[in-house]
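# Fold and contact review
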Amino acid sequence: MDEASLAKLHEEMRHCRRCLKAGYPITSGAIFSGPATATVMVVGQAPGVREKETGLPFSGPAGKRLFSWLAKAGFEEEEFRAMQYITAITRCYPGKGRSRGDRVPTAEERKLCAPFLVCELDLVQPGLIIPVGRVAIDHFLGRGKLADLIGVVFEKDGRLFLPLPHPSGANLWLNRPKSQALIRAALGRLRQLKKEMAL
Ligand code: SF4
C-alpha cells in the first residue's frame, strides 16, 4: 500500500506515448483511477470516447451498465470509485475502428502497456480482480468460452478472479437469456465475496 510509488507510476503512465511512437493512433493519455489501498481491481479493455472526455474509467454507457451490475452485488458507484482500483489492458483511447465502434487494441499495444499492469498489481495487491470483457479475460485466464467463465470464481497465483462480460451495448452476447442468467450468477458470487472478504 505504497501511495507514493503508485503516484509515481501514475505520473509515468500519464506521460507514456509508447503506442504513439509505435505508430498507433491513440488519442488520449492514460486513464485509470483508484488508491493503493484498493482490495478490488477492475481491469477493462481500453477507455472509450466518453472516458477520453471525462478522464474517468467506465464513465460512458458501458460504465453505466457495469456499475448497475456492481450495484446488484452491493457496491455503490461513488464509494467503489473512491475505494477500489479501475484500470485497463491498454490505458489510452485507441480511436475508432473500421466499423463504428472503438478499435480493439492490437497485441502489440497490449504488450506495450502490460508492464504497467504488472506494476499496478504489485503496488495495489488486490485480493480480487474483475476482468471485464474478452480482452481482459483472455489476459488473465486465457481463451475460453464466456459461457464457461462468467459466473465462476477462479483462483490463480494467490488471487481471486471474477470475470464479467464487456458491458457495451454492442455486445450481443448480453442479450441472450442464458447470458443474463450467467451474469446474475456472477453478481451473486461477487456479493458473496464482498461479505466473505470484507471488500
Ligand atoms: S496505451 Fe499504455 S503503453 Fe500505450 S501509450 Fe497508453 S499508457 Fe502507454
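Here we summarise the structure given alongside this text.

Basis of the calculations
Residues numbered from 1 in each chain as written. Predicted model: local features only at pLDDT ≥ 70, side-chain atom pairs only at ≥ 80, totals over all residues. Heavy atoms only, no water. 1 Å grid on protein atoms, 1.4 Å probe; cavity = no way out; pocket = protein on both sides within 12 Å on 5 of 7 lines; lining within 4 Å. Points joined across faces, edges and corners; volume = space filled by probe spheres on them. Helix = DSSP H or I, 4+ residues; strand = E, 2+ residues; numbered from the N terminus. Nonpolar A, V, L, I, M, F, W, Y, C, P; charged D, E, K, R; others polar. Near = heavy atom within 4 Å. Phe/Tyr/Trp six-rings, centres within 6.5 Å; stacked < 30°, edge-to-face > 60°. Buried < 20%, exposed > 50% of the residue type's maximum accessible area, 1.4 Å probe, protein only. Pairing = 2+ DSSP bridges. Axes fitted to C-alpha atoms, helices over the stretch in contact; angles between N-to-C directions. Contact = heavy atoms within 4.5 Å. Polar contact = N/O pair within 3.5 Å; in protein donor to acceptor, adjacent residues only side chain to side chain.

Inspection of the entire model under this criterion finds one cavity of 30 Å³ or more. Its volume calculated, the largest cavity comes out at about 130 Å³. Cys 19, Thr 90, Arg 91, Cys 92 and Cys 113 are the residues nearest the centre of the largest cavity, which is lined by 16 residues in total. At four residues, the largest contribution of residues to the lining of the largest cavity is made by helix α6 (residues 107-124). Class assignment for the residues of the lining of the largest cavity results in 11 nonpolar, one polar and four charged.

What follows is about the site of the ligand. Inspection of the region around the ligand gives Cys 16, Arg 18, Cys 19, Ile 26, Ala 30, Thr 90, Arg 91, Cys 92, Leu 112, Cys 113 and Phe 116 as its neighbouring residues. Of all the secondary structure elements, the ones that give two or more residues to the shell around the ligand are α2 (18-21) and α6. Among the elements that line the shell around the ligand, the one with the most residues is α6, at three residues. Grouping the constituent residues of the shell around the ligand by class yields eight nonpolar, one polar and two charged.

The next subject is the packing of aromatic side chains. Counted under the stated rule, the structure contains three aromatic pairs. Ring centres 5.2 Å apart and planes at 80° place the aromatic pair Phe 75 and Phe 80 in the edge-to-face group. Between the aromatic rings of Phe 140 and Phe 161, the centroid separation amounts to 5.4 Å while the plane-to-plane angle is 45°, which identifies the pairing as tilted. In this pair, Phe 140 sits in helix α7 (residues 134-141) while Phe 161 sits in strand β5 (residues 159-161), placing the two residues 21 residues apart along the sequence. Among the residues examined, Phe 140 registers a relative accessible area of 7% and is labelled buried.

What the five strands build is an open sheet, ordered β2-β1-β3-β5-β4; its pairing is mixed. Whereas interior strands pair on both sides, the edge strands pair on one side only; in this sheet they are β2 (85-88) and β4 (154-156). Recorded for the sheet is a direction-independent mean angle of 25° between the axes of neighbouring strands. Taken strand by strand, α7 contacts β1 (40-44), β3 (128-131), β4 and β5, and its axis lies near 135° from that of β3.

Quick look at the environment of Asp 102 now. Structurally, Asp 102 is set in the loop between β2 and α6. In the structure, Asp 102 is positioned 92 residues away from Lys 194 in sequence and 32 Å away in space, judged by C-alpha atoms. When neighbours within four sequence positions are excluded, Asp 102 is seen to be in contact with Gly 48, Val 49, Tyr 93, Gly 95, Lys 96 and Gly 97. Side-chain polar atoms of Asp 102 contact the side chain of Tyr 93, separated by 2.8 Å. A distance of 3.2 Å separates a polar atom in the side chain of Asp 102 from a polar atom in the side chain of Lys 96.

Attention now moves to the layout of surface pockets. The space that makes up the largest pocket amounts to roughly 800 Å³. Taken together, 36 residues form the lining of the largest pocket, with Gln 45, Ala 62, Asp 102, His 166 and Ser 168 sitting closest to its centre. Sorting the residues of the lining of the largest pocket by element identifies α3 (49-54), α4 (61-72), β2 and α7 as the ones contributing at least two each. Residue contributions to the lining of the largest pocket peak at four residues, all from α4. For the lining of the largest pocket, the per-class residue count stands at 18 nonpolar, 12 polar and six charged.

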